[in-house]
Amino acid sequence: MAQLSQQKLGTHEEIARAFHCSRNTVHRTCKAYMKAGLPGLILEKTGPKTKRTSAGLVSKIIKLRKAEETIRFIGTELGVSKSKVHSVCKEHGLIEEQKQKELDLKPQRTTAAPASQPKETEAAKAIESPARKTNETGCPGPVSDDGLMEDASEEEISAYPVPTLMNETEVEPGEAAPPRSLERVLASCGKLGLPEVEAEFVSGSEVPAAGSLLGMAFLTEEGSLEVARKVYGRLSNGFYGLRNTVLTLFLGALLRVKTVDAFQHGTPHLSGRLIGLDRLPETRTISRKLKEIAQRKLGREFMEERAKRHIEANKDVCALLYIDGHVRVYHGKRKVRKHMVNRMGRCKKSIVDYWVHDGNGAPILKIDGDYNDSVQRIVKDELGEIHAWVGKDQWLTVIVDREVWSPQLFDHLRSEQVYIVTYRKNRNADYPASEFTKTVVLPKRPKGKPKKLQVRDQSVTISNMEFRSVAFLQDDRQVEIILTDKERPVEKVIHDIANRWCQENDFKYRRHQSSLDRIRSYAFEPVPADQKILNPAHTQLDKQVKQAEKILSRLMLARSDKKKKSPKPEEVRTARKELNDLQKQRRAVGMKIRVGDLPEDERPELQVPEKKLFFDVIEMAADSIERRLLGMLASHYKQHRKDGRELLRQIFNNTGDLHVENGCVTVRLNYLASPNQTQAMEGLCNDINHLNPKFPESDIRLRFDVHPHPDHEM
């Protein structure tokens, strides 16, 4: 290699390719040859680079190890490395002996037994029963032929482990919880005997993000974890299961962690104490659990069950719904359809999600459409199921954008007890000012004045169908609203249509603070071959026709303008002929085409939405709890409308102390920067304590307190 390079018979890349090695190897070889010649290429003798351990040092290590000292202590005491101490102990059989002692001492560890915990003998019998299958790691649990867990029965779901408390251990500030090495080894061998490890809380001070437990206190009442247990049952047995996976993602949603990789940044070994573990799961562990969840293809069911639970608990608020689409820009190389992105002012490759918000602007449902979906199709096909959750005997009011404009659809939904409220599209002319005879006073907004509007409220006929028209004057222009509800008060109509911006504000907030636009999965699938889509050839010809029309229009305008030079007649005839030819070609090409008739490299693709749906449900749960905490904060913080969300973010990231005693975890948070914010946090903690919250899927009570400010004590 060195001679070939010196004689310039080939480059380093060509020599590396010929000798099947890397370019760096060729470079190092040539450098050594140029420095020392042929002797420089002779490899040195390999072997130990350090001196052998003396007999006296070996005897000291054995003596200290038999005295049950740790390897770290022995290395520090004798001034040698831990690896050397470990090798000496392993050579003399002291490692296995110590492990056996740890196994013997392990059952003596005391924990508070939960009320509904199944007996260990029953779990052992289930492990030894030959009728139960095991997964690929040998862990007990019902599995199907493809390696996925089957639906668990109600008895199995009720037998899930309940988190316990470890009262005897207290760690120093800034230290992680004691490592649970034995349980990790048992879980990896399939001998844990439980679907996932039990949670154990330890006392300690200066725990990062201890304030996030304020949100964790409402997760049981919110119900997303219960719905996940109902839909998915359980995951493959291991150290981390469904509960710990949901709690980890929920914790990340509260702390604004946008990607799974970001869990490893910061203090995962300390944040694990917030969910009763020695550390949070690693990125590959979360990815493996999410892959198992996605393989079951239950994301849509999980989303709908959570939405159904929310609507049934809040029927009054959910009697009014907002429906709109949100465009997620896609930056990859997949063949994804282009959509108009209004916030960017251009068409880009993107994925459209259709969202349903309740009357308060809280997201409750996301619908993933196919390649040709639109908001009009979503409103037509999905409202029936949503209306059933609200109640067929109750009228449902839906506020949509002009994109859904269809008088025939509005009349059809009115027959199914669904009212539609939207802005009018394609209005020909303004109404006479004399018809705006009614004065409406809108409710006073915070730090605002009551607003007076001149309103016209009459019936109007559109496409031979009668609708109600509410028009009002705003900044010297007329705004017209079309609705099918003839009895709704005018003030309520104008307020609800103006409040539609709460949905757009939610999109903007979650786009910046959450992971609304994250793709979450790189899995794509082709659009079904029998589905019809817009013909790309027709779209291209349509662009050429519009361009030819612009050219002809410009020539005709120049010919009629006396100040400009008139174009030649041949130019006008040529432009008109080109336009006619393009129009004929466009008519000959069909507007729609089957996906199967397109070339292989032009067939569009759709994203597989399973992982994204699971993340969206967890983030909607976090958003719902955050909204509830914001409402509770209103009585303690005057600036809650302006800075309430930011204050909650500070509280979630606030450090604190954990004290475990008698089945209760007391969280004492540090005071904040300003006294009024600290008082607001203290009032919020007192309100939550009155509710007597519990940690999810456990009997562990949570109590919250705030450290007193030293200046206040003085």
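Above this text is the structure in question.
Values in this document were obtained by computation on a predicted structure and should not be read as measured data.

### Here we look at the overall build of the protein chain
Consideration 1: Scanning the protein chain from terminus to terminus reveals 28 helices and 19 strands.
Consideration 2: The buried share of the protein chain, reckoned over its 714 residues, is 45%.
Consideration 3: Considering only residue pairs separated by 6 or more positions, the protein chain has 69% of its internal contacts joining residues 24 or more positions apart.
Consideration 4: Of the accessible surface of the protein chain, which amounts to about 39500 Å², a share of 49% is contributed by carbon and sulfur atoms.

### Re the pattern of salt bridges
Consideration 1: Applying the stated criterion to the full structure yields 50 salt bridges.
Consideration 2: Here Arg500 ties to Asp324 by a salt bridge, and the two come within 3.8 Å at their closest N and O atoms. Of the two residues, Arg500 sits in the loop between helix H21 (490-498) and helix H22 (501-513) while Asp324 sits in strand S3 (residues 320-329), which places them 176 residues apart along the sequence. The pair Arg500 / Asp324 is uniform in exposure class, with both members buried.
Consideration 3: A single network of salt bridges, built from pairs that share partners, joins Arg256, Asp506, Arg510, Asp623, Glu626, Arg627 and Arg645.

### A closer look at helix H20 (residues 407-414)
Consideration 1: Looking only at H20, the buried set comprises Pro407, Leu409, Phe410, Leu413 and Arg414. Looking straight down H20, one finds that the buried residues subtend no more than 160° of arc, so they occupy a single side.
Consideration 2: Here the buried face of H20 lies against helix H19 (375-390), strand S8 (418-423), strand S10 (451-462) and strand S11 (465-474).

### Side note on the pairing of strand S7 (residues 396-399)
Consideration 1: Burial along S7 is two-sided: Leu396 and Val398 and Thr397 and Ile399, pointing in opposite directions, are all buried.
Consideration 2: Pairing of S7 with S8, which is carried by four bridges, proceeds in the parallel orientation. Looking across to S8, one finds that Ile399 is bridged to Val421.
Consideration 3: With H20 bridging S7 and its parallel neighbour S8, the resulting β-α-β unit is right-handed.

### Quick word on the packing of aromatic side chains
Consideration 1: Overall, the coordinates contain eight aromatic pairs when judged by the stated rule.
Consideration 2: On the numbers, 5.6 Å between centres and 80° between planes, the contact of Tyr232 with Phe302 is edge-to-face. Here Tyr232 is found in helix H13 (residues 224-232), whereas its partner Phe302 is found in helix H17 (residues 299-313), with 70 residues between them in sequence. Here Tyr232 and Phe302 have matching classes, each one buried.
Consideration 3: For the ring pair Phe302 and Phe614, a centre distance of 5.4 Å and an interplane angle of 35° mean the geometry is tilted. With Phe302 in helix H17 and Phe614 in helix H25 (residues 610-633), this pair connects stretches of sequence that are 312 residues apart.
Consideration 4: Assessed through its relative accessible area of 0%, Phe614 is described here as buried.
Consideration 5: The structure contains a cluster of three or more aromatic residues connected by ring pairs, namely Tyr232, Phe302 and Phe614.
Consideration 6: Positioned above the aromatic ring of Trp501 is the side chain of Arg500, whose terminal nitrogen or guanidinium carbon lies 5.7 Å from the ring centre.

### A few points about unusual backbone geometry
Consideration 1: One non-glycine residue, Asp476, lies in positive phi territory at about 60°.
Consideration 2: Mapping Asp476 onto the fold places it in the loop between S11 and strand S12 (477-483).
Consideration 3: For Asp476, a relative accessible area of 85% puts it in the exposed group.
Consideration 4: With phi around 55°, Glu697 is a residue other than glycine that occupies positive phi space.
Consideration 5: Summarising the element assignment, Glu697 is placed in the loop between helix H27 (675-690) and strand S19 (701-706).

### Quick notes on the pairing of strand S17 (residues 656-661)
Consideration 1: Note: strand S2 (residues 200-207) against S17, two bridges, orientation antiparallel. Within S17, the position partnered with Val207 by the bridge is Gly656.
Consideration 2: Here S17 hands over to strand S18 (residues 664-669) after two residues, with Asn662 in that stretch at a positive phi of 55°.

### Things to note about the side chain of Arg256
Consideration 1: Positionally, Arg256 belongs in the loop between helix H14 (242-254) and helix H15 (268-271).
Consideration 2: When its relative accessible area of 17% is taken as the criterion, Arg256 is described as buried.
Consideration 3: What Arg256 contacts, discounting residues up to four positions off in sequence, is Tyr509, Gln513, Glu626, Arg645, Arg649 and Phe652.

### A few points about helix H24 (residues 569-588)
Consideration 1: The end-to-end C-alpha distance of H24, which contains 20 residues, comes to 29 Å, matching closely the 28 Å that a straight helix rising 1.5 Å per residue would cover.
Consideration 2: For H24, every residue scored as buried is listed here: Val572, Ala575, Leu579, Leu582 and Gln583. For H24, the buried positions fall inside an angular range of 100° around the axis, keeping them on one side. In H24, the exposed positions that point more than 90 degrees away from the buried face belong to Arg573, Lys577, Lys584 and Ala588.
Consideration 3: Considering only its buried residues, H24 is in contact with helix H23 (536-560).

### Points about the packing of H23 against H24
Consideration 1: Packing of H23 against H24 leaves a shortest axis separation of 9 Å and a crossing angle of 155°. In terms of their interaxial angle, H23 and H24 are classed as roughly antiparallel. Where H23 crosses over H24, the two elements pack in a sense that is left-handed. Note on element contacts: H24 touches H23 through Glu571, Val572, Ala575, Arg576, Leu579, Leu582, Gln583, Gln585 and Arg586, opposite His538, Leu541, Asp542, Gln544, Val545, Ala548, Glu549, Leu552, Leu555, Met556 and Arg559.
Consideration 2: Taken together, the residues of the contact of H23 with H24 break down into ten nonpolar, four polar and six charged.

### What about the environment of Leu78?
Consideration 1: Positionally, Leu78 belongs in helix H5 (residues 71-78).
Consideration 2: Remark: the alpha-carbon pair of Leu78 and Ile61, spanning 17 residues in sequence, is separated by 8.1 Å.
Consideration 3: Setting aside anything within four residues of it in sequence, one finds Leu78 in contact with Leu57, Lys60, Ile61 and Leu64.

### Re the packing of helix H2 (residues 12-19) against helix H3 (residues 23-36)
Consideration 1: The contact between H2 and H3 brings their axes to 8 Å, and the two run at 110°. Here H3 runs roughly perpendicular to H2, going by the angle between their axes. Residue-level inspection shows His12, Glu13, Ile15 and Ala16 of H2 in contact with H3, the latter providing Arg23, Val26, His27 and Cys30.
Consideration 2: Taken together, the residues that form the contact of H2 with H3 break down as four nonpolar, two polar and two charged.

### Section: the environment of Ala253
Consideration 1: With respect to the helices and strands, the residue Ala253 is situated in helix H14.
Consideration 2: Judged by relative accessible area, which is 19%, Ala253 ranks as buried.
Consideration 3: Residues in contact with Ala253, not counting those within four places in the same chain, are Glu619 and Ala622.

Cut-offs applied
- Positions within a chain are numbered from 1, following the residues in the order the chain's sequence is written.
- For a predicted model such as this one, the threshold for reporting local features is a pLDDT of at least 70, and the threshold for listing and counting side-chain atom pairs is 80 or more; totals across whole chains, interfaces and linings nevertheless cover every residue.
- Each side-chain value is worked out from all heavy atoms of the structure, with water and hydrogens disregarded.
- Each helix is a run of H or I in the DSSP string that is no shorter than four residues. Each strand is a run of E no shorter than two, and both are numbered from the N terminus.
- Three labels apply to residues, based on accessible area from a 1.4 Å probe with only protein chains included: buried if under 20% of the type maximum, exposed if over 50%, partly exposed otherwise in between.
- Any two residues whose heavy atoms approach within 4.5 Å are treated as being in contact.
- The Shrake-Rupley method, run with a 1.4 Å probe, gives the accessible areas here. Residue values count only the displayed protein chains as cover.
- By convention in these notes, a salt bridge is any Lys or Arg side-chain nitrogen within 4 Å of a carboxyl oxygen on Asp or Glu.
- To obtain the arc, one takes the directions from the helix axis to the C-beta atoms.
- A pair of strands is treated as paired once DSSP finds two or more bridges between them.
- Looking down the strands as they point away from the viewer, one classifies a crossover as right-handed if the path from the first strand across the helix to the second runs clockwise.
- Only rings of Phe, Tyr and Trp enter the pairing, Trp through its six-membered ring, and a pair is recorded when the two centres are within 6.5 Å. The plane angle decides the type: under 30 degrees is stacked, over 60 is edge-to-face, the rest tilted.
- Geometrically, a lysine NZ or arginine CZ counts as sitting over a ring once it is within 6 Å of the ring centre and also within 35 degrees of the ring normal.
- For a helix, the expected span equals 1.5 Å multiplied by the number of residues minus one.
- A fitted line through C-alpha atoms serves as each axis, taken over the contacting stretch for helices, and the angle formed by two N-to-C directions is quoted from 0 to 180°.
- If an angle is under 35 degrees, it is roughly parallel; if it is over 145, roughly antiparallel; if it lies from 65 to 115, roughly perpendicular; otherwise it is oblique.
- Each crossing is labelled by how the near helix is turned from the far one, with a counterclockwise turn of less than a right angle marking it left-handed and a clockwise turn marking it right-handed.
- For this scheme, ten residues count as nonpolar: Ala, Val, Leu, Ile, Met, Phe, Trp, Tyr, Cys and Pro. Four count as charged, namely Asp, Glu, Lys and Arg, and the remainder, Gly too, count as polar.

The analysis is restricted to geometry; functional conclusions fall outside its scope.
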